[in-house]
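# What the coordinates show
Chain residues, written in single-letter form:
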Amino acid sequence: MATAKPTHSFKTPCEQCPLRPLPHFREFSRDELEFVSTFKRGELAVDAGATILVEGAHSAHLFTVLSGWGFRYKMLEDGRRQILNYIMPGDLIGLQGTIMGEMQHSVEALSPVTLCVFERDKLMTLYNKHPSLAFDITWIAAQEERILDEHLLSIGRRTALERAAYLIAFLFERARKLNLFNGRNVIPITQQHIADTLGLSIVHTNKTLKKLAGRNLIRWQERGCDVLDGEGLMQVAGWEGLREGKRPFI
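In this text the structure is predicted, and so the values were computed from the model without any measurement.

Rules behind the numbers
Residues numbered from 1 in each chain as written. Predicted model: local features only at pLDDT ≥ 70, side-chain atom pairs only at ≥ 80, totals over all residues. Heavy atoms only, no water. Phe/Tyr/Trp six-rings, centres within 6.5 Å; stacked < 30°, edge-to-face > 60°. Helix = DSSP H or I, 4+ residues; strand = E, 2+ residues; numbered from the N terminus. Buried < 20%, exposed > 50% of the residue type's maximum accessible area, 1.4 Å probe, protein only. Lys NZ or Arg CZ within 6 Å of the ring centre and 35° of its normal. Patch = residues over 30% accessible without salt bridge, like charges linked within 9 Å, V, L, I, M, F, W, Y side chains within 5 Å. Areas by Shrake-Rupley, 256 points an atom, 1.4 Å probe, with all protein chains shown as cover. Salt bridge = Lys/Arg side-chain N within 4 Å of Asp/Glu carboxyl O. Lys, Arg positive; Asp, Glu negative; His and termini not counted. Charge placed at Lys NZ, Arg CZ, Asp CG, Glu CD. 1 Å grid on protein atoms, 1.4 Å probe; cavity = no way out; pocket = protein on both sides within 12 Å on 5 of 7 lines; lining within 4 Å. Points joined across faces, edges and corners; volume = space filled by probe spheres on them. Nonpolar A, V, L, I, M, F, W, Y, C, P; charged D, E, K, R; others polar.

Now for the packing of aromatic side chains. Evaluation of the coordinates by the stated rule reveals 10 aromatic pairs. A ring pair is formed by Tyr-166 and Trp-239, whose centres lie 5.3 Å apart and whose planes are at 90 degrees; its orientation type is edge-to-face. One end of the pair, Tyr-166, is in helix 5 (residues 160-177); the other, Trp-239, is in the segment after helix 8 (230-237), with 73 residues separating them in the sequence. Exposure remark for Tyr-166: the relative accessible area of 2% places this residue in the buried category. Note on Trp-239: relative accessible area 10%, which makes it buried. A network of ring pairs unites the aromatic residues Phe-25, Phe-28 and Phe-249 as a single cluster. Directly above the ring of Phe-28 sits Arg-20, whose terminal nitrogen or CZ lies 4.2 Å from the centroid. Seen from the ring of Tyr-166, Arg-158 lies directly overhead, with NZ or CZ sitting 4.7 Å from the centre.

Written as structure tokens, this is what we have:
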């Protein structure tokens, strides 16, 4: 599995960031935007399947996802994998390694990914001079905790059918808010990714997904999961959807 290596060439000026016009994200003040522009060191292009961060590694950088999909995961010694969460544009990765000294999980690209690269050593300047951006980082960390709470509830108490419906509905809702779909609502995951997220065997996962397909909620394709009825998935899962207004990003 390839490991991504940073490049320090600028491709997208912060003032022209394609995420900023999206109504999902809050607006930046001029001072905030100027600081983020100096905080950013370059961009990193990552191929699908490449490892972005490795558990136990000490990274000198933080990253914001500019485009693409990925996931966070942990591995047991025998190779069993637990996917913790999925990353999409606007998500901040590498903060854990910055605060705790080393990464406690790994991050892999599901699709080609572009990352904005930030220098970890400048993080304290952000906290000292830009309290609004510091609050944003705290909000992002709290939001990640809230999402993991919901995932844990799903794995612990939802049935297999409810778990699968919740996961796909969750990914669909997030991607829809970010305008990641181009005509077709295809989530670029395999059934193995779903199994490793839900803690199910691949056989059980396949049977469960066939039940959702039988209700015309999804259609499984070679390149991923095509969502046919997001509201129907939410009803099966007993999930009310994402309850958040404008969210920050760095």
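Still more to cover.
Further remarks concern a positive patch on the surface. Residues Lys-207, Lys-210, Lys-211 and Arg-215 make up a contiguous surface patch of positive charge. Following the sequence through the fold, Arg-215 ends up in the loop between helix 7 (202-214) and strand 10 (218-221). For Arg-215, a relative accessible area of 48% puts it in the partly exposed group.

One pass over the structure, following the stated rule, counts two cavities of 30 Å³ or more. Roughly 90 Å³ of volume is contained in the largest cavity. As for the largest cavity, its lining consists of 15 residues, and the residues nearest its centre are Cys-14, Cys-17, Arg-20, Cys-116 and Phe-249. Elements that contribute at least two residues to the lining of the largest cavity include exactly strand 3 (61-67) and strand 8 (113-119). Sort the elements by how many residues they give to the lining of the largest cavity and strand 3 lands first, with three residues. In this structure, the second largest cavity encloses a volume near 40 Å³. In terms of lining, the second largest cavity is formed by His-151, Ser-154, Ile-155, Tyr-166, Leu-167, Thr-197 and Leu-198. Within the residue set of the lining of the second largest cavity, elements represented by two or more residues are helix 4 (131-157), helix 5 and helix 6 (191-198). Ranked by residues supplied to the lining of the second largest cavity, first place goes to helix 4 with three residues. Partitioning the lining of the second largest cavity into residue classes produces four nonpolar, three polar and no charged.

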